[in-house]
Amino acid sequence: IKGAAIATVIGNMLASVYYVVYIYRSRSELSLNPKYAFEVPVAFWRVAVLGVPNAVSTLLNSLTGTISNHILMGYGASAVVAMSVGGKASMIVSMVVMGICMGVQPIIAYNYGAGNVARTKEVLTKITVVSVAAGALLTVVCWWQRPAIAGLFLSDPALLDQSVQIMSISLITTAFLGFYYVGLNFQQAAGNAGRAVVLSVLRQGILYVPAIYLMNWSFGLEGVYWVSVICDTISIILAVGLLLYQMRPGTLPESSRCTS
């Protein structure tokens, strides 16, 4: 565990060094000089606040993980281990889909800011198809390889079976996570940091924390397995609803609306 923690820190440090060297030694127009960032303070804060949803999501991931482990400890250390390993498959799908949607965020922002209705809808449609298709494909692969994935971390037969069972449950909604991440990244691209924060907090905190206590109280350990599925389902529905609401006729920026 200590080695994994050290490797994570080293990886982050090397990545940071690489980015700094790239900016200073390449022909990039980017600069780390803060004076350029604050030339237009209003613009700076409008951009900076868009990173809040990701920050909140990361923080809440740690918080909910702590709460989840605290509850699972009531069933023994083996439950904590099985739950941790059981979530690896859904994490694989989630990270890939999230990365795809984050990558297209600047394109959405550019076209939405320009008021280009047709182009914005085209980008949203295509990225939804790609992200959902990728999520569905990875879900099928992970479902098929559940024992193999769990076997990378465990060798005990009982824990292995328990982890595979958890994977079977957690993968139920992963094929549809593309809808959630498209909706979330659209809100960020459109400058709606508040809505993006709500979506992040809803999935990782507002829903998860009370749900895990309620499901544990009602159904015991089996109920805890289903918490992520419940939270994901509600979050996906809300993200799609907000996206459709935001894209309804007459909501694009009037000052820059165009038709091509």
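Residues numbered from 1 in each chain as written. Predicted model: local features only at pLDDT ≥ 70, side-chain atom pairs only at ≥ 80, totals over all residues. Heavy atoms only, no water.

What follows deals with the overall build of the protein chain. Scanning the protein chain from N- to C-terminus turns up 15 helices and zero strands. Projected onto its principal axes, the C-alpha positions of the protein chain cover 60 × 45 × 30 Å. Out of the 260 residues in the protein chain, the part that is buried amounts to 39%. Expressed as a percentage of contacts within the protein chain between residues at least 6 apart in sequence, the contacts between residues at least 24 apart total 75%. (Helix = DSSP H or I, 4+ residues; strand = E, 2+ residues; numbered from the N terminus. Buried < 20%, exposed > 50% of the residue type's maximum accessible area, 1.4 Å probe, protein only. Contact = heavy atoms within 4.5 Å.)

A few words now on the packing of aromatic side chains. Any pair of aromatic rings gets described here by the distance separating the centres and the angle formed by the planes. Summed over all chains, the structure comprises five aromatic pairs. Following the ring pairs from residue to residue traces out a cluster consisting of Tyr18, Tyr19 and Tyr22. The cationic tip of Arg146 hangs over the ring face of Trp143; the distance from NZ or CZ to the ring centre is 4.5 Å. (Phe/Tyr/Trp six-rings, centres within 6.5 Å; stacked < 30°, edge-to-face > 60°. Lys NZ or Arg CZ within 6 Å of the ring centre and 35° of its normal.)

Each α-helix winds once per 3.6 residues, and so residues spaced three or four apart point in a common direction. Between its first and last C-alpha atoms helix α4 (residues 52-72) spans 30 Å; for 21 residues at 1.5 Å apiece the expected length is 30 Å, and the two agree. For α4, every residue scored as buried is listed here: Pro53, Ser57, Leu60, Thr64, Ile67, Ser68, Ile71 and Leu72. One side of α4 holds all its buried residues, which, seen down the axis, span an arc of 125°. More than 90 degrees from the buried face of α4, the exposed residues found are Thr58, Leu59, Thr66 and His70. (Expected span 1.5 Å × (residues − 1). Arc of directions from axis to C-beta.)

Secondary-structure assignment places Thr128 in helix α8 (residues 117-144). For Thr128, the side chain forms a polar contact with the main-chain oxygen of Leu124, separated by 2.6 Å. Discounting chain neighbours no more than four positions away, the residues touching Thr128 are Phe179 and Val182. (Polar contact = N/O pair within 3.5 Å; in protein donor to acceptor, adjacent residues only side chain to side chain.)

So, on to the side chain of Asp232. Inspection of the secondary structure assignment puts Asp232 in helix α15 (residues 227-246). Using a relative accessible area of 8% as the deciding quantity, one classes Asp232 as buried. Not counting the four nearest positions on each side in its chain, Asp232 is found in contact with Thr173, Leu177 and Arg203.

On to the pattern of salt bridges, then. Summed over all chains, the structure comprises two salt bridges. With a closest N to O distance of 3.2 Å, Glu122 and Arg119 form a salt bridge. You can see Glu122 and its partner Arg119 sitting in helix α8, three residues apart, about one turn around the helix. Judged by its relative accessible area of 35%, Arg119 is partly exposed. Linking Glu122 and Lys126 is a salt bridge whose minimum nitrogen-to-oxygen distance equals 2.8 Å. In this pair, Glu122 and Lys126 both sit in helix α8, four residues apart, roughly one turn of the helix. Here the salt bridges do not stand alone but share partners, grouping Arg119, Glu122 and Lys126 into one network. (Salt bridge = Lys/Arg side-chain N within 4 Å of Asp/Glu carboxyl O.)

Taken together, the side chains of Ile172, Trp226, Ile230 and Ile234 present a nonpolar region at the surface, about 310 Å² in accessible area. For Trp226, a relative accessible area of 32% translates into the label partly exposed. (Patch = residues over 30% accessible without salt bridge, like charges linked within 9 Å, V, L, I, M, F, W, Y side chains within 5 Å. Areas by Shrake-Rupley, 256 points an atom, 1.4 Å probe, with all protein chains shown as cover.)

On to the packing of helix α6 (residues 88-103) against α8. Each pair of packed helices gets described by two things: the angle between the helix axes and the distance between those axes. At a minimum axis separation of 9 Å, α6 and α8 run at an interaxial angle of 165°. As far as their axial angle goes, α8 and α6 are roughly antiparallel. Like other packed secondary-structure pairs, α6 and α8 cross with a definite hand, here right-handed. Here Ala89, Ile92, Val93, Val96, Val97, Ile100 and Cys101 of α6 come into contact with α8, specifically with Ile127, Val130, Ser131, Ala134, Gly135, Leu138, Thr139 and Cys142. Along the lines of polarity and charge, the residues of the contact of α6 with α8 split into 12 nonpolar, three polar and no charged. (Axes fitted to C-alpha atoms, helices over the stretch in contact; angles between N-to-C directions. Parallel < 35°, antiparallel > 145°, perpendicular 65-115°, else oblique. Left-handed = near helix turned anticlockwise from the far one by under 90°. Nonpolar A, V, L, I, M, F, W, Y, C, P; charged D, E, K, R; others polar.)

Taking the C-alpha atoms as reference points, Asp232 and Val182, 50 residues apart in sequence, are found 14 Å from one another. Here Thr173 takes part through its side chain, which lies 3.4 Å from a polar atom of the side chain of Asp232.

Bringing helix α10 (residues 157-170) into the picture now. Counted at 1.5 Å a residue, the expected span for α10 with its 14 residues is 20 Å, and the 20 Å between its end C-alpha atoms agrees. Taken together, the buried positions of α10 are Leu159, Gln162, Ser163, Val164, Ile166, Met167, Ser168, Ile169 and Ser170. Where α10 is buried, its residues contact α5 (77-86), α6, α8, α9 (146-151), α14 (221-225) and α15.

What follows covers the confidence of the model for the protein chain. Any region with low pLDDT has predicted coordinates that should not be read closely. Within the protein chain, residue pLDDT values average 86, and 95% of them lie at 70 or more. Here residues 255-260 is modelled with pLDDT under 50, and outside its nearest four sequence neighbours on either side it reaches 14 contacts, counting other chains as well. (pLDDT = per-residue confidence, 0-100.)

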